[in-house]
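Below, each chain spelled out in residue letters.
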Amino acid sequence: MATLIAPPNHSPQEDAESLNKAFQGWGTDERSVIAILGHRNVHQRQQIRRAYEEIFHEDLVKRLESEIRGDFEKAVYRWILEPADRDAVLANVAIRNGMNYHIIVEISCVLSPEELLAVRRAYLNRYKRSLEEDVAAHTSGHLRQLLLGLVTAYRYIGDEINAKLAQSEAEILHEAVKEKKGSQEEAIRVLSTRSKTQLIATFNRYREIHGTSITKKLLDEASDEFQKALYTAIRCINDHVKYYEKVVRNAIKKVGTDEDALTRVVVSRAEKDLKVISEVYYKRNSVLLEHAVAKETSGDYKHFLLTLLGKQE
């Protein structure tokens, strides 16, 4: 349920030449940049990058960085990267900006095992250090254990469920997560090793036993970084669409829109499930996501996001 509408037949060479033309003169033709890149899927964008370098002997990404500015530049830059490389950049920025652990958790818990492995490879290639090395260097204690468990996980992706295991591990999570008196290491083990299908069964069993969701009242003013990371992990595993809807809602509701969070969701989900996220947003807020985005953003940045939302040329 992607929102991106890409033409089946396109010429990478023609697109590269059109982009170069948009860069000529006194000012960049941003609308042309949006019209081309905003309507090309990931494979087409990589073809354009290669064609541009072959024809003009320069890196399209670097040229774009020199031609456009601000939130628009950041969004286009992240859009033109391959998904694994984009997530590697997001993870590195999160670590450098004071360890925004929720982005690390998000990447680790939403992606498939192969996608997460690709992010770890991309991170190593780009930064000459492993993702887990940088995570470990900037964290400690239970938070470090949880994040390392999540970023190095390679989960089973089948549909098999062990009901007895769901029962026993629902109680392990209750003791550790809600009562805060059980073994945190056991909670980390469960969340970082079980398949998503098994974990969802455990979360459902928790609701049946305790009459409330595991995340209900999990956070309070006394919650530490580890508990916040647990909360994010559970939400991402249980229903990543609802998680992303809340990220977008909070980004838009904030006094002064959180453009980084908004860009991250729109850019990373446009080719996956942004349409579903938009539908959940409408049901939750009675406002179309594109209308909310149009109201809270402006200029070329607004036009680019709306294009990725499938609402503007």
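Residues numbered from 1 in each chain as written. Predicted model: local features only at pLDDT ≥ 70, side-chain atom pairs only at ≥ 80, totals over all residues. Heavy atoms only, no water.

Caption draft 1: Examining the overall build of the protein more closely. Within the protein, the regular secondary structure consists of 19 helices and zero strands. Relative to the 2.2 N^0.38 estimate, which gives 20 Å for 313 residues, the radius of gyration of the protein is 21 Å and therefore close to what a compact globule would have. Taking the principal axes of the C-alpha coordinates as reference, the protein spans close to 65 × 45 × 35 Å. Burial statistics for the protein: of 313 residues in total, 49% are counted as buried. For the protein, the exposed surface amounts to about 15,100 Å²; the carbon and sulfur share of it is 48%. Charged side chains of the protein number 47 positive and 47 negative; the gap between the two group centres comes to 4 Å. (Helix = DSSP H or I, 4+ residues; strand = E, 2+ residues; numbered from the N terminus. Rg over C-alpha atoms; globule rule 2.2 N^0.38 Å. Buried < 20%, exposed > 50% of the residue type's maximum accessible area, 1.4 Å probe, protein only. Areas by Shrake-Rupley, 256 points an atom, 1.4 Å probe, with all protein chains shown as cover. Lys, Arg positive; Asp, Glu negative; His and termini not counted. Charge placed at Lys NZ, Arg CZ, Asp CG, Glu CD.)

Caption draft 2: Broad picture of the packing of helix H7 (residues 101–110) against helix H14 (residues 225–238). Where H7 contacts H14, the axes come no closer than 9 Å and their chain directions differ by 30°. The angle between H7 and H14 falls in the class roughly parallel. Between H7 and H14 lies a crossing whose hand is right-handed. Contact with H7, carried on its side by Tyr 101, His 102, Val 105, Glu 106, Cys 109 and Val 110, involves Glu 225, Lys 228, Ala 229, Thr 232, Ala 233, Cys 236 and Ile 237 of H14 and no other residues of that element. Counted by class, the contact of H7 with H14 contains eight nonpolar, two polar and three charged residues. (Axes fitted to C-alpha atoms, helices over the stretch in contact; angles between N-to-C directions. Parallel < 35°, antiparallel > 145°, perpendicular 65-115°, else oblique. Left-handed = near helix turned anticlockwise from the far one by under 90°. Contact = heavy atoms within 4.5 Å. Nonpolar A, V, L, I, M, F, W, Y, C, P; charged D, E, K, R; others polar.)

Caption draft 3: Fine view of the domain arrangement of the protein. Domain boundaries assigned for the protein yield domain 1 (12–68), domain 2 (83–151), domain 3 (163–238) and domain 4 (242–308). Each of domain 1 and domain 3 has a C-alpha centre, and these two points are 46 Å apart. (Domains from an automatic or database assignment.)

Caption draft 4: The arrangement of the nonpolar core in detail. One finds Leu 19, Leu 37, Leu 64 and Leu 262 to be the most contacted residues of the largest nonpolar core, which totals 95 residues. Ranked by residue count, the leading element in this core is H14, at eight residues. Dropping the residues within four chain positions of it, Leu 262 is found in contact with Val 248, Ala 251, Ile 252, Thr 257, Val 293, Thr 297, Tyr 301 and Leu 305. (Core = buried A, V, L, I, M, F, W, Y, C linked by side-chain atoms within 4.5 Å.)

Caption draft 5: View of helix H12 (residues 184–193). Those residues of H12 that fall on the buried side of the exposure criterion are Gln 184, Ala 187, Ile 188, Val 190, Leu 191 and Ser 192. Turning to H12, the residues buried within the fold contact helix H10 (141–151), helix H11 (163–178), helix H13 (196–210) and H14.

Caption draft 6: Local environment of the confidence of the model for the protein. For the protein, per-residue confidence averages 93 on the pLDDT scale, and 99% of positions sit at 70 or higher. No element of the protein has a lower mean pLDDT than H11, which averages 92, and none a higher one than helix H8 (residues 113–127), which averages 98. (pLDDT = per-residue confidence, 0-100.)

Caption draft 7: View of the pattern of salt bridges. On inspection of all chains with the given rule, the structure shows 19 salt bridges. The residue Glu 115 makes a salt bridge to Lys 272 at a minimum N-O spacing of 3.3 Å. Of the two residues, Glu 115 is situated in helix H8 and Lys 272 in the loop between helix H16 (259–269) and helix H17 (274–285); the sequence distance between them amounts to 157 residues. Judged by relative accessible area, which is 32%, Lys 272 ranks as partly exposed. (Salt bridge = Lys/Arg side-chain N within 4 Å of Asp/Glu carboxyl O.)

Caption draft 8: Quick look at the side chain of Thr 28. You can see Thr 28 is positioned in the loop between helix H1 (12–22) and helix H2 (30–37). With a relative accessible area of 12%, Thr 28 lands in the buried category. A polar contact is formed between the side chain of Thr 28 and the side chain of Glu 67, at a distance of 2.5 Å. Not counting chain neighbours up to four residues away, the residues in contact with Thr 28 comprise Ala 22, Phe 23, Val 33, Glu 67 and Ile 68. (Polar contact = N/O pair within 3.5 Å; in protein donor to acceptor, adjacent residues only side chain to side chain.)

Caption draft 9: Molecular detail of the environment of Lys 74. Tracing the backbone through its elements, the reader meets Lys 74 in helix H5 (residues 70–80). Between the C-alpha atom of Lys 74 and that of Trp 26, which follows or precedes it by 48 residues, the distance is 22 Å.

Caption draft 10: Layout of the packing of aromatic side chains. Tallying each qualifying case throughout the model produces five aromatic pairs. Taking the centre distance of 6.3 Å and the plane angle of 70° together, the rings of Phe 23 and Tyr 52 count as edge-to-face. Taken as a pair, Phe 23 in the loop between H1 and H2 and Tyr 52 in helix H3 (residues 42–56) lie far apart in primary sequence, 29 residues in all. The residues Phe 23 and Tyr 52 share a single accessibility class, namely buried. The interplanar angle of 75° and the centroid separation of 6.0 Å between the aromatic rings of Phe 72 and Phe 304 together place this pair among those described as edge-to-face. On the criterion of sequence distance, the pair formed by Phe 72 in helix H5 and Phe 304 in helix H19 (residues 299–308) is long-range, its members being 232 residues apart. For the pair formed by Phe 72 and Phe 304, the shared burial category is buried. An aromatic cluster is built from Phe 23, Tyr 52 and Phe 56, whose rings are joined through pairwise contacts. Residue placement shows Arg 45 over the ring face of Trp 79; its charged tip is 3.7 Å from the ring centre. (Phe/Tyr/Trp six-rings, centres within 6.5 Å; stacked < 30°, edge-to-face > 60°. Lys NZ or Arg CZ within 6 Å of the ring centre and 35° of its normal.)

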